[in-house]
Amino acid sequence: MKEVKYKNPRIEYDGVNWYITTEIEYEDLISTPTEESIGINLGMKNSAVYSNKDKYQNINKTQKNKETRKRKRGLRRSISRDMKK
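Rules used in this analysis
Residues numbered from 1 in each chain as written. Predicted model: local features only at pLDDT ≥ 70, side-chain atom pairs only at ≥ 80, totals over all residues. Heavy atoms only, no water. Patch = residues over 30% accessible without salt bridge, like charges linked within 9 Å, V, L, I, M, F, W, Y side chains within 5 Å. Areas by Shrake-Rupley, 256 points an atom, 1.4 Å probe, with all protein chains shown as cover. Salt bridge = Lys/Arg side-chain N within 4 Å of Asp/Glu carboxyl O. Lys, Arg positive; Asp, Glu negative; His and termini not counted. Charge placed at Lys NZ, Arg CZ, Asp CG, Glu CD. Helix = DSSP H or I, 4+ residues; strand = E, 2+ residues; numbered from the N terminus. Buried < 20%, exposed > 50% of the residue type's maximum accessible area, 1.4 Å probe, protein only. Phe/Tyr/Trp six-rings, centres within 6.5 Å; stacked < 30°, edge-to-face > 60°.

## Examining a positive patch on the surface
- Positive charge collects at one region of the surface, where Lys 61, Lys 66, Arg 69, Lys 70, Lys 72, Arg 73, Arg 76, Arg 77, Arg 81 and Lys 84 lie side by side.
- Secondary-structure assignment places Lys 72 in helix H1 (residues 63–84).
- The partly exposed category is assigned to Lys 72, whose relative accessible area is 48%.

Take a look at the structure:
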């Protein structure tokens, strides 16, 4: 960070705690936009495929998620059977 300037310090006491507040001034680091663009294809198999060949998988299609759903379904059935007794 470049040079920071502190301005207008204030000290307050609310009967229990002391507070100090200041204003700070610094050079804002704004980046300039580029002319580069990217296309995004949204789909079912992959959540998103970008034109630069990056792929983001659909988390609902992962093996771990499928196993978790299957286990959850089985636990619901067993609870349902226990409630009928």
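## Describing a nonpolar patch on the surface
- A contiguous nonpolar surface patch, about 540 Å² in accessible area, is contributed by Ile 11, Tyr 13, Trp 18 and Ile 20.
- Every element with two or more residues in the nonpolar patch is listed here: strand E1 (4–13) and strand E2 (18–26).
- Position of Trp 18 relative to the elements: it lies in strand E2.
- The class for Trp 18 is exposed, based on a relative accessible area of 63%.

## Looking at the packing of aromatic side chains
- What the rule picks out here adds up to one aromatic pair.
- Considering the side-chain rings of Tyr 13 and Trp 18, the 4.5 Å spacing of their centres and the 35 degrees angle between planes classify their relative orientation as tilted.
- We classify Tyr 13 as partly exposed; its relative accessible area is 46%.

## Observations regarding the pattern of salt bridges
- Using the criterion set out here, one finds one salt bridge in the structure.
- Between Lys 7 and Glu 25 there is a salt bridge whose closest N-O contact spans 2.8 Å. Of the two residues, Lys 7 is situated in strand E1 and Glu 25 in strand E2; the sequence distance between them amounts to 18 residues.
- Residue Lys 7 is classed as partly exposed on the basis of its relative accessible area of 38%.

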